[in-house]
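Architecture and fold: a report
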Amino acid sequence: MKQSIKLLLSRDDMTHQRGYWVITNALRDAGIEVVLGGIQTPSAIVETAIQEDVDIIGYRIMQGSPKVLVPLLIEKMKAREIEDIPVMVGGIIPTKDEELIRELGVKEVIHPYTPLNRIVETINKICGMPTEKTEV
Amino acid sequence: MYKKEFLDKLSKATQKYEEEVNQILEELPGAEKERITSSGIPVKPLYTPLDVKDTDYFKDLGFPGEHPFTRGVYPGGYRSRKTNIRQITGLGTAEETNERWKWLISQGVTALAVIGVQPWGYDADDERAIGFTGKDEIVCDSLYDYETLFDGIDIGKFSVHLIAGSAFTLANYFAMAEKKGIPLKELKGSMSNTLKPSKQCLDIIEFCMKNVPNFNAGYLDVRNTREGGCTAAQEVGWGIAMTKTVVDVLVSRGIDVDDFASRITWFVNSGPDFFEEIAKFRCIRRMWSRMFRDDYGAKNPRTLQARMHCQTYAPSLTRAQPFNNLIRSAYYGLSAILGGVQSMHINSFDEPFATPTELSASLSVKTQQIINFETGITSVVDPLGGSYYVESLTDQLEEKAQEIIDDIESRGGSFKAFDLMKNQLRKEAIQLQDNIDSGKMVIVGTNEFVDEQDIQLKALEILQNSADFEAIKEYDPAIRDKQIARLTKVRKERDNAKLEKAMKELSDALNADDENIMPATIEAVKCYMTQGEYARVVAGANKQITKTDEEEFLG
């Protein structure tokens, strides 16, 4: 079994980074290796995910449209044959968009105020890591 | 302010009171024993004249419209002029935003702000724009879009704020105004040209100082930094420290402080800590006036006036029980009015879901109108001035902010201390999240007083599914095609030979040592240079006019 989870954390735009950094910090504290993608287009996310051989992708969307960007990401993942890497999406995600992107295979959608330990637990679960109680 | 005899008597009485009250609180289960503000200031159950015994009325408070402006920048306060009701707008192409502006004007906004005019660096037909074009912001590729945006809008009556710090954006605004027949000498407005050591920022300030004297060209964005997680004291301290550093650079360029500092405006937050926020606005005015008068010898009274645009705090807006956001934001707005800001955006209740609709944006306007016209709150200037509590908070916040400023100054100013500020910001954000996750900080409906049925959310869903108006904004990806059609028309109809020449001249100006970039930028945008073309000229120049946005954004 893998020793630890490697997660790529990318975001869609340059403004309002509080959630991005708070989550980064919490994941690292929980022993997850975070690759900081920064601001990336779906194509760039896919290339980084391949180069870094990550176990899971976290995509924060705020200014962009989830119902456009997520299908694009999944299309690019399929083209590069990495569609088995699980994807989590967080940010400002309208309810209707959430339904759509879950149907497309997004494993989890994180909204503002999701407690950090729950985010960690979800990642552990998705990546098949033991669900020990995580203190954040 | 008080006689010694009185203070001695009061001191004894207060001690007795505090012992009593502490005992009550100690014995009572569930009583609030401790409370600290966002900035770490302990809050007592009661304040008395003892807390303001050292206040010198004329030195520390004075009259509104006079140094140190603690009580307000204008003598008549809101009696002479109410706050500008200025709701940030930006959606779809220039046509959709123009339509929304006209609608907001019909609802009673008194000023305008547009988001999305900060160039992305690429045009709507660029692959990188997919999923963004006209989503949370307007898309403005060229002067053609600016002309559409401002069509039928009286910019003499409604002051416009451009949410951008770019020479390209400003040049388009100038070119648009000229087409409307408004000379630069008379043109009003403001922009988010956040004070920083870049050539672009300083060139804009210098150009406006000489050619567009009524335009507020300098900007202090501490509002988004607060969103990033900092405290009220950091909001004040970092704002003042950043100003000092830029003023020092401009003064070293041989510019008189009175010639530009009066055109710097503050962008501030107003959040949950009600009284600390009120104290913050008062504290900003006092520290600003003292800094310019005492440290820089400013003589123009306008230089000493810290004028503020406020946007209410957004991170506390929730998806659960969404209508609570209306109530939250109304209180935040109330704080800002009690604190004496000049202009305000009250967040809409649906912002955790999507871009505001006509319905939600209208409720933000109405919230301000109710404060301004129904409550009588605006009839007295600085109505909380003299409150033992608010005055004490104002003093303590000033002390804390001063410590922050001194620390930054000792490290060579805010440019050099930028990474330090960034690290401190992240630390505060983590602390805030811990407080929320642990329930120490209550968010009604989210980590406390949760309603499993969430009747409010149900009501919103019913509106969304059955109303004959838009209840939650949905992004239409076809906006991109519409904008590409507009862009294609521009590229086809403009004089491309003339544009090429103008872009060459802009490139030369960017490479020159002592040339302001504004005149050549204005000429090039008049030839309908697009934002993508502008970005390529800037990238091709030898000299860097700005750092990347990533490096510069503190939020």
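Heads up: these notes are all about the structure in this document. (Residues numbered from 1 in each chain as written. Chains lettered and ligands numbered in written order. Predicted model: local features only at pLDDT ≥ 70, side-chain atom pairs only at ≥ 80, totals over all residues. Heavy atoms only, no water.)

1. So, the overall build of chain A
Within chain A one finds five helices and five strands. Seen in sequence order, chain A has helices and strands lined up from the N terminus as β-α-β-α-β-α-β-α-β-α. The C-alpha radius of gyration computed for chain A amounts to 14 Å, which stays within 12% of the reference 14 Å derived for 136 residues, consistent with globular compactness. Once the C-alpha set of chain A is aligned to its principal axes, its extents read approximately 35 × 30 × 25 Å. (Helix = DSSP H or I, 4+ residues; strand = E, 2+ residues; numbered from the N terminus. Rg over C-alpha atoms; globule rule 2.2 N^0.38 Å.)

2. A word on helix H13 (residues 388-410) of chain B
All names here are of chain B. Here H13 spans 33 Å end to end across 23 residues, near enough to the 33 Å set by a 1.5 Å rise per residue. Within H13, the full set of buried residues consists of Tyr389, Val390, Glu391, Ser392, Leu393, Thr394, Leu397, Glu398, Ala401, Ile404, Ile405 and Ile408. Check the buried side of H13 and you find it contacts helix H2 (57-61), helix H8 (232-252), helix H10 (274-295) and helix H14 (418-437). Immediately downstream of H13, the backbone of Gly412 shows phi near 95°, a positive value. (Expected span 1.5 Å × (residues − 1). Buried < 20%, exposed > 50% of the residue type's maximum accessible area, 1.4 Å probe, protein only. Contact = heavy atoms within 4.5 Å.)

3. Overview of helix H4 (residues 95-103) of chain A
Residues and elements named next belong to chain A. Among the residues of H4, those classed as buried are Asp97, Glu98 and Ile101. Down the axis of H4, the smallest arc covering the buried residues is 105°, so these residues share one side. Residues of H4 that are buried make contact with helix H3 (66-79), strand S4 (87-91) and strand S5 (108-110). Two residues or fewer after H4 comes Gly105, characterised by a positive phi angle close to 110°. (Arc of directions from axis to C-beta.)

4. Notes on the pattern of salt bridges
Residue and element names in this part refer to chain B. The tally for this structure, following the rule as stated, stands at 49 salt bridges over all chains. For Asp382, the salt bridge identified is with Arg71, shortest N-O distance 2.8 Å. Note that Asp382 is positioned in the loop between helix H12 (358-373) and H13 and Arg71 in the loop between H2 and strand S1 (84-85), a separation of 311 residues in sequence. Per residue, the accessibility class of Asp382 equals that of Arg71, and both read buried. Residue Glu206 pairs with Lys210 through a salt bridge whose shortest N-O separation is 3.9 Å. Taken together, the residues span about one helical turn, with Glu206 and Lys210 both in helix H6 (residues 199-211) at a distance of four residues. Sharing partners across several salt bridges, the network here consists of Lys59, Asp60, Arg286, Arg290, Asp395 and Glu398. (Salt bridge = Lys/Arg side-chain N within 4 Å of Asp/Glu carboxyl O.)

5. Regarding the interface of chain B and chain A
Many descriptions give the size of an interface as the accessible area lost when the pieces come together. Each partner contributes to the interface: chain B provides 43 residues, whereas chain A provides 34 residues. Summed over both partners, the interface of chain B with chain A comes to about 3200 Å²; 57% of that surface belongs to carbon and sulfur atoms. B:Glu474 serves as the salt-bridge partner of A:Lys96, at 3.1 Å between the closest nitrogen and oxygen. Remark: the boundary between chain B and chain A carries 13 residue pairs in polar contact (both at pLDDT 80 or more). (Buried area = accessible area lost by both parts, 1.4 Å probe. Polar contact = N/O pair within 3.5 Å; in protein donor to acceptor, adjacent residues only side chain to side chain.)

6. Structural notes on the environment of B:Cys230
All names here are of chain B. You can see Cys230 is positioned in the loop between helix H7 (223-227) and H8. Between the C-alpha atoms of Cys230 and Asp60, which are 170 residues apart in sequence, the distance is 26 Å. Excluding its chain neighbours within four sequence positions, the residues that come into contact with Cys230 are Thr225, Glu235, Trp238, Leu425 and Glu428.

Take it as geometry only, folks, not as evidence of what the structure does.
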